[in-house]
Amino acid sequence: MIQLRDLSVKLPGFTLKEINLTVEKGEFFTLLGPTGAGKTLILESISGMIPIHRGTITINGKDVSKMPPERRGVGIVYQDSALFPHLNVRKNIFFGLRYHGKTVRQSGKALDAIIEWFSLEHLLDRSVVNLSGGEKQRVAMARALAVDPSVLLLDEPLSALDPGFREEIRDILKTLHEETGITVLMVTHDFVEAHYLAQRTAVLNAGLIEQAGTVADVFYRPSTPFVARFVGMKNIFPAKFDKDVAWVDDLQFTIPHSDNRFRKYVAIRPEDICVSRTNISKIATNIFNATVMRIFNKGIFSDIRLDVSGTVFQAILPTSALYRMNFAEGETVCITFTPERVHVI
Amino acid sequence: MKIEPFLWLMISCSLLIIAFILLPLIEMVLQPTAAAMVETFQDADVLRSIFFSVSASAAAALISFVLGTPFAYLLARRTFPGKKIMESIVDLPIMIPHPVVGIALLSIAGRNHWIGQLLQKMGITLMGTATGIIAVMTFVGLPFYINTVKTGFEAIPVRAENVARSLGASRSGAFFRVTFPLAWRSMVVGMIMCMARAISEFGAIVIVAYHPMVASVMIYERFTAYGIKYSQPVAVWLILICLFLFLLLRFFSIQPKSTT
């Protein structure tokens, strides 16, 4: 378990402000945020690489705030693997043993299991310099796990990998976590990774946690416009509210009935907007005529920008569906979305 | 094909500079006769002075290695108030006119200064001694060592050290098992640079200690007393021996291809 209480870190030009975060034992937790949000800084304060200004860091109930990195029992895997280039694969993996009172012989079976688990048997005598990106990350993980850390910190471990390796390592991480139950805190800027791997997540922006919760919660119920944008809610509009109605300029949206007194925005996911030539939905509200402005082909899916009396909506359609419907730029179409898909912030 | 004027400018300037550096050196190396070279090499004074130049500058490089390495590591890894000033101080010996270096060192080592008195009690004199010459050489060579090694340390990712710490290594453990094996080549290069600068020193040495005579002082003495012909063979021998030593060191520190 990792617990951060009022963690503050001050660096020239950047501050982490009173971070409160708990990663439960055995949990896979992701820290999300754009580049420069301070995600890596949190990892480095947990691992003890940078001094903290205020607050406490507890790992499995033990206050480690003032401990040197080598006594914290924290495994760390970086984006670029950070392997030791002067040592071969075997020596990289065995690097930490001596500090834990272990010899290769004593922990032979456990080590063999780790090496086998990451399929590294045939690479042991190779130089780490010429390994592929995926192999490097497997070595880096094996090296971290060889000393049996109490928590594992991952700093964007998939970001520098080619797409093929990225899926491979992502699957390895998932299986690893399921089989060992090790506590994992992973930093990433990719929400898809959080969806795939994590139970809970926190979104960080400019040194502050904007929202923390289950991945589904953050994804479907973002609490700030920043988080909404970050999780891919493309349609975020300032709005005025009146009971179960929201006004975006002159457009009237029907929204779920709740306490909307202190809300300022409505947000709709682009995939929740239905685009058609005639109104095909069974609901009678949130139907608008729109002009197709631009269509961006993005491979499997396409972005479609739609103008509704000056308000620009963004929808996502499978490219195949788009071909079938044969929408043209400048054409007038019909867009609808159900009230429960209108999220209020 | 027409070559652009700008390309011409670059090529002609480069050739001019190469010629400017090489021609005088080649001319000097070729001028002495073989007989003069052999005769000079048999001169015990010449051999002694060249050997002294090499060994004193090696001592300066060793001192730079011992004292300069931790300093270079500090400069490469830490940010702290006054760091820029410290870096400028390290560069000072490069900028100070050479005779001024000699005078400056003598002024704290003299009998009127408490450091000079302390040194005297310990039996150390700088004026006219090998110790003085090594002190001068270290003074002028240190910036070259520190700057080279600092750049070498900066090229090693902090993350590698961080991982070593997370695996259980102490600060010194991470340094000796990760940083040092990755940085020692830059230390060898730094020592070569330091030695080269130390061997070439004349102005400060001549003020602190005319005797025992280093090669550069001997070359100067022969030039002023007997003229260019008599000083050339010594200069050539000094160049050849230094070249040999530096190539040897470079050879041992060449980076194997696989780790680039």
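Not measured: the values here are computed from a predicted model. (Residues numbered from 1 in each chain as written. Chains lettered and ligands numbered in written order. Predicted model: local features only at pLDDT ≥ 70, side-chain atom pairs only at ≥ 80, totals over all residues. Heavy atoms only, no water.)

Visitor: With reference to specific residues and values, describe the overall build of chain A.
Guide: On a plain count of helices and strands, chain A comes out with nine helices and 21 strands. Overall size of chain A, expressed as C-alpha extent along the three principal axes, is 75 × 45 × 35 Å. Considering chain A as a whole, with its 345 residues, one finds that 51% of them fall into the buried category. Within chain A, one finds 40 positive and 38 negative side-chain charges whose respective centroids are separated by 4 Å. (Helix = DSSP H or I, 4+ residues; strand = E, 2+ residues; numbered from the N terminus. Buried < 20%, exposed > 50% of the residue type's maximum accessible area, 1.4 Å probe, protein only. Lys, Arg positive; Asp, Glu negative; His and termini not counted. Charge placed at Lys NZ, Arg CZ, Asp CG, Glu CD.)

Visitor: Describe the domain arrangement of chain A, listing the residues and the values that go with them.
Guide: All names here are of chain A. As far as domains go, chain A holds domain 1 (2-225) and domain 2 (235-344). With both sides pooled, the region where domain 1 packs onto domain 2 buries about 460 Å², and carbon together with sulfur makes up 63% of that total. Per-residue buried area on domain 1 facing domain 2 is highest for F219, Y220 and P225; these three make up 78% of the total on that side. Where domain 1 packs against domain 2, one counts zero salt bridges. Put simply, domain 1 and domain 2 have two residue pairs in polar contact (both at pLDDT 80 or more) between them. (Domains from an automatic or database assignment. Buried area = accessible area lost by both parts, 1.4 Å probe. Salt bridge = Lys/Arg side-chain N within 4 Å of Asp/Glu carboxyl O. Polar contact = N/O pair within 3.5 Å; in protein donor to acceptor, adjacent residues only side chain to side chain.)

Visitor: Residue-level account of the pairing of strand 4 (residues 54-59) of chain A, with values.
Guide: All names here are of chain A. By the bridge criterion, five bridges tie strand 1 (residues 2-11) to strand 4 in an arrangement that is antiparallel. Among the inter-strand pairings, R5 is bridged to a residue of strand 4, identified as T56. In this structure, strand 4 lies alongside strand 5 (residues 62-63), joined through two bridges in antiparallel fashion. Looking at strand 5, one finds that I59 is bridged to K62. Linking two consecutive strands that pair antiparallel, namely strand 4 and strand 5, is a turn of two residues; a positive phi of about 50 degrees is found at N60 within it. (Pairing = 2+ DSSP bridges.)

Visitor: Give me the sheet that holds strand 6 (residues 74-78) of chain A: which residues, what numbers.
Guide: Ordered in space as 6-7-8-3-9-10 (chain A), the six strands form an open sheet in which the pairing is mixed. Bordering the open sheet on either side are strand 6 and strand 10 (208-214) of chain A, each of which pairs with just one other strand. Across the sheet, the mean angle separating the axes of adjacent strands is 15 degrees when strand polarity is ignored. In the sheet, strand 9 (residues 200-205) of chain A pairs with strand 10 of chain A via six bridges, with the strands oriented antiparallel. Across the sheet, T201(A) pairs through a bridge with G213(A), a residue of strand 10 of chain A. Where helix 8 (residues 158-166) of chain B meets the sheet, its contacts fall on strand 6 and strand 7 (151-155) of chain A, and the angle it forms with strand 6 of chain A comes to roughly 155 degrees. (Axes fitted to C-alpha atoms, helices over the stretch in contact; angles between N-to-C directions. Contact = heavy atoms within 4.5 Å.)

Visitor: So what's going on with the interface of chain B and chain A? Residues and values would help.
Guide: Where interface size is given, it is often the accessible area lost as the parts come together that is meant. The interface of chain B with chain A comprises 20 residues on the first partner and 26 residues on the second. Taken over both partners, the interface formed by chain B and chain A buries close to 2,100 Å², and the fraction arising from carbon and sulfur atoms is 61%. Connecting chain B to chain A are three salt bridges. The partner of D80(A) in a salt bridge is R159(B), with the nearest N and O atoms 3.7 Å apart. For the pair chain B and chain A, the number of links is six residue pairs in polar contact (both at pLDDT 80 or more). At the level of elements, helix 8 and helix 9 (171-200) of chain B are the ones that each hand at least two residues to the side of chain B that touches chain A.

Visitor: Any chance you could break down the sheet that holds strand 2 (residues 14-23) of chain A for me, citing the residues and the numbers?
Guide: Residues and elements named next belong to chain A. An order of 2-1-4-5 is seen for the four strands of this open sheet, with the pairing classed as antiparallel. The outermost strands of the open sheet, each flanked by one partner alone, are strand 2 and strand 5. The sheet strands contacting helix 1 (residues 39-47) are strand 1, strand 2 and strand 4, and the helix crosses strand 1 at an angle near 110 degrees.

Visitor: If you had to explain a nonpolar patch on the surface to someone new, which residues and values would you point to?
Guide: A cluster of nonpolar residues, I17(B), I18(B), F20(B), I21(B), L22(B), L25(B), I26(B), V29(B) and L30(B), forms a patch on the protein surface that exposes about 880 Å² of accessible area. Mapped onto the elements, V29(B) comes out in helix 1 (residues 5-30). (Patch = residues over 30% accessible without salt bridge, like charges linked within 9 Å, V, L, I, M, F, W, Y side chains within 5 Å. Areas by Shrake-Rupley, 256 points an atom, 1.4 Å probe, with all protein chains shown as cover.)

Visitor: So what's going on with the layout of surface pockets? Which residues, and what values?
Guide: When its volume is computed, the largest pocket comes out at roughly 950 Å³. Forming the boundary of the largest pocket are 29 residues, of which M49(A), I50(A), R77(B), R78(B) and R171(B) lie nearest the centre. Looking at the lining of the largest pocket, the elements with two or more residues in it are helix 1 of chain A together with helix 3 (44-77), helix 8 and helix 9 of chain B. Each residue belonging to the lining of the largest pocket can be placed in one class, and the counts come to 16 nonpolar, five polar and eight charged. (1 Å grid on protein atoms, 1.4 Å probe; cavity = no way out; pocket = protein on both sides within 12 Å on 5 of 7 lines; lining within 4 Å. Points joined across faces, edges and corners; volume = space filled by probe spheres on them. Nonpolar A, V, L, I, M, F, W, Y, C, P; charged D, E, K, R; others polar.)

Visitor: Help me get a handle on the environment of L124(A), residues and values and all.
Guide: Residue and element names in this part refer to chain A. Among the secondary structure elements, L124 is positioned in the loop between helix 3 (108-117) and helix 4 (133-145). We classify L124 as buried; its relative accessible area is 13%. Separated by 116 residues in the primary sequence, L124 and K240 place their C-alpha atoms 63 Å from one another. Beyond its immediate stretch of four places on either side in the chain, L124 contacts N88, V89, R90, I93 and I115.

Visitor: If you had to explain the packing of aromatic side chains to someone new, which residues and values would you point to?
Guide: Residue and element names in this part refer to chain A. As enumerated under the stated definition, the model contains 20 aromatic pairs over all chains in all. A centroid spacing of 6.2 Å and a plane angle of 50 degrees characterise the contact between F95 and Y99, whose relative ring orientation is tilted. According to the relative accessible area criterion, Y99 is partly exposed, its value standing at 26%. Ring geometry for F253 and F313: centres 6.1 Å apart, planes at 45 degrees, overall tilted. Taken as a pair, F253 in strand 14 (residues 251-254) and F313 in strand 19 (residues 311-318) lie far apart in primary sequence, 60 residues in all. Three or more aromatic residues joined by ring pairs form one cluster here, namely F237, F253, F288, F313 and F337. Cation over ring: K174 sits above Y196, and NZ or CZ is 5.4 Å from the ring centre. (Phe/Tyr/Trp six-rings, centres within 6.5 Å; stacked < 30°, edge-to-face > 60°. Lys NZ or Arg CZ within 6 Å of the ring centre and 35° of its normal.)

Visitor: Give a description of the packing of helix 3 of chain B against helix 7 (residues 130-154) of chain B that names residues and reports values.
Guide: All names here are of chain B. In the contact formed by helix 3 and helix 7, the axes pass within 6 Å of each other and the chain directions differ by 40 degrees. It follows from the interaxial angle that helix 3 and helix 7 lie oblique. The hand of the helix 3/helix 7 crossing is right-handed. (Parallel < 35°, antiparallel > 145°, perpendicular 65-115°, else oblique. Left-handed = near helix turned anticlockwise from the far one by under 90°.)

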